Amino acid sequence: MNELRFVRERQNVILGRYNTHGKTYSWYLPYELQKVIHVGDIEIINSDGNKDKIIVVSFKYEKNAKLKYKNFPYRRGIASWQVQHICRYLKSLGYDYSRERHFKGLMNERGLHLGMDIVFCINKRMCVIEYNGVHHYNNQGPRYKNFKKNMDIKRNWCRQNDMPLLEIPFWWQNDLDSILNLFITSVLSDKG
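Note that the structure is predicted; figures quoted are calculated from it, not measured.

**Q** Got a minute to help me understand the pairing of strand E2 (residues 24-28) in this structure?
**A** In summary, the side chains of a regular strand alternate between the two faces of the sheet. Bridge analysis of strand E1 (residues 13-18) against E2 gives 5 bridges, and the strand direction is antiparallel. Bridge assignment links Leu 15 to a residue of E2, and that residue is Ser 26. As consecutive antiparallel partners, E1 and E2 are separated by 5 residues, and within that stretch Gly 22 has a phi angle of approximately 80°, a positive value.

Here it is, written out as structure tokens:
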């Protein structure tokens, strides 16, 4: 008898290529991750206790995939749809990017490394995009003060290192493509 399956459930195997050695592996992809991972995304995974990056090559359906493959060793917290959209849009324009990029010396007041949301290059010039969700503007309590201090550190870091910084507040989330286009045009026209 024919079995009815939804399209999302057909993508239960993910194929990913390691950035370090170029080999491609397959894993079982749980349903809750199928909605947020796309072909071309760069994802951070746990690999033998280490952190590794893979590029998502493709998806496929296999009967009994959950029994046949190990679970996808997803490490990074799922990025917001806004950050995912920004990454896909940059990729569509031909830009490679890094997520949660750390730089030597970029640390918070407690000496912990701070990651930049998205880093990419325009004509060999590193650019930074920070998407600021609602939590960045909830001005109550120590958590808000921490976000504010960390953003101040990131702004100063970018200024000192001549890295254009685009901060996108959550209320601009419906205009991401046009904001990115303006930023890219601005950086291209800046002889900096």
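**Q** I keep staring at the sheet that holds strand E4 (residues 50-60) and nothing clicks. Help me out?
**A** Note: strands within a sheet are paired through backbone hydrogen bonds, in either parallel or antiparallel orientation. An order of E2-E1-E4-E3 is seen for the 4 strands of this open sheet, with the pairing classed as antiparallel. Strands with a single pairing partner mark the edges of an open sheet, and in this sheet they are E2 and strand E3 (42-47). Geometrically, the sheet is characterised by an average inter-axis angle of 45° between neighbouring strands, direction not taken into account.

**Q** Teacher, can you tell me more about the side chain of Glu 62 here?
**A** Assignment of secondary structure puts Glu 62 in the loop between E4 and helix H2 (65-68). Within the structure, the side chain of Glu 62 is placed 2.9 Å from the side chain of Lys 60, a separation counted as a polar contact. Setting aside chain neighbours within four positions, we find Glu 62 in contact with Asn 12, Val 13, Lys 68 and Tyr 69.

**Q** Help me out: how do you make sense of the packing of aromatic side chains in this one?
**A** Two descriptors summarise a pair of aromatic rings, namely the distance from one centre to the other and the angle between the planes of the rings. Summed over the entire model, instances satisfying the criterion amount to 9 aromatic pairs. Both rings, one in Tyr 18 and one in Tyr 25, keep their centres 5.4 Å apart while their planes meet at 85°; by these two values the pair is edge-to-face. On the accessibility criterion, Tyr 18 (9% relative accessible area) is buried. Ring centres of Phe 103 and Trp 157 lie 6.2 Å apart, and the angle between their planes is 40°; on these two criteria the pair is classed as tilted. Within this pair, whereas Phe 103 is found in strand E5 (residues 97-107), its partner Trp 157 is found in helix H4 (residues 141-160), the two being separated by 54 residues in sequence. When its relative accessible area of 11% is taken as the criterion, Phe 103 is described as buried. Through successive ring pairs, a cluster of aromatic residues spans Tyr 18, Tyr 25, Trp 27, Phe 72 and Tyr 74.

**Q** Before we go on, may I ask you to explain the nonpolar core in this structure?
**A** The nonpolar side chains of soluble globular proteins are, as a tendency, buried together. Within the largest apolar cluster, 21 residues are counted, with the highest numbers of intra-cluster contacts made by Ile 86, Leu 90, Ile 118, Phe 120, Ile 129 and Ile 168. If one sorts the elements of this core by residue count, helix H5 (residues 176-189) sits on top with 6 residues. If sequence neighbours within four positions are ignored, Ile 129 has contacts with Ile 86, Leu 90, Asp 117, Ile 118, Phe 120, Leu 166, Ile 168 and Leu 180. Grouped together as the second largest cluster of nonpolar side chains are 13 residues, Trp 27, Val 36, Ile 54 and Tyr 74 included.

**Q** Sorry if this is basic, but what is going on with a nonpolar patch on the surface here?
**A** Taken together, the side chains of Tyr 137, Trp 171 and Trp 172 define a hydrophobic patch exposed on the protein surface, amounting to about 350 Å² of accessible area. Note on placement: Trp 172 falls in the loop between strand E8 (165-169) and H5.

**Q** I would appreciate a short explanation of the pairing of E4 in the present structure.
**A** Relative to E4, E1 runs antiparallel, the two being bridged by 6 bridges. Opposite Ile 14, over in E4, you have Phe 59 as the bridge partner. Note that E3 and E4 share 6 bridges and pair antiparallel. Each residue of the ladder has a partner; that of Asn 46, found in E4, is Lys 51. Connecting E3 to the next strand, E4, in antiparallel fashion are 2 residues, including Asp 48 with a positive phi near 50°.

Analysis parameters
Residues numbered from 1 in each chain as written. Predicted model: local features only at pLDDT ≥ 70, side-chain atom pairs only at ≥ 80, totals over all residues. Heavy atoms only, no water. Pairing = 2+ DSSP bridges. Helix = DSSP H or I, 4+ residues; strand = E, 2+ residues; numbered from the N terminus. Axes fitted to C-alpha atoms, helices over the stretch in contact; angles between N-to-C directions. Polar contact = N/O pair within 3.5 Å; in protein donor to acceptor, adjacent residues only side chain to side chain. Contact = heavy atoms within 4.5 Å. Phe/Tyr/Trp six-rings, centres within 6.5 Å; stacked < 30°, edge-to-face > 60°. Buried < 20%, exposed > 50% of the residue type's maximum accessible area, 1.4 Å probe, protein only. Core = buried A, V, L, I, M, F, W, Y, C linked by side-chain atoms within 4.5 Å. Patch = residues over 30% accessible without salt bridge, like charges linked within 9 Å, V, L, I, M, F, W, Y side chains within 5 Å. Areas by Shrake-Rupley, 256 points an atom, 1.4 Å probe, with all protein chains shown as cover. Salt bridge = Lys/Arg side-chain N within 4 Å of Asp/Glu carboxyl O.

What is shown is where atoms sit, not what they do.
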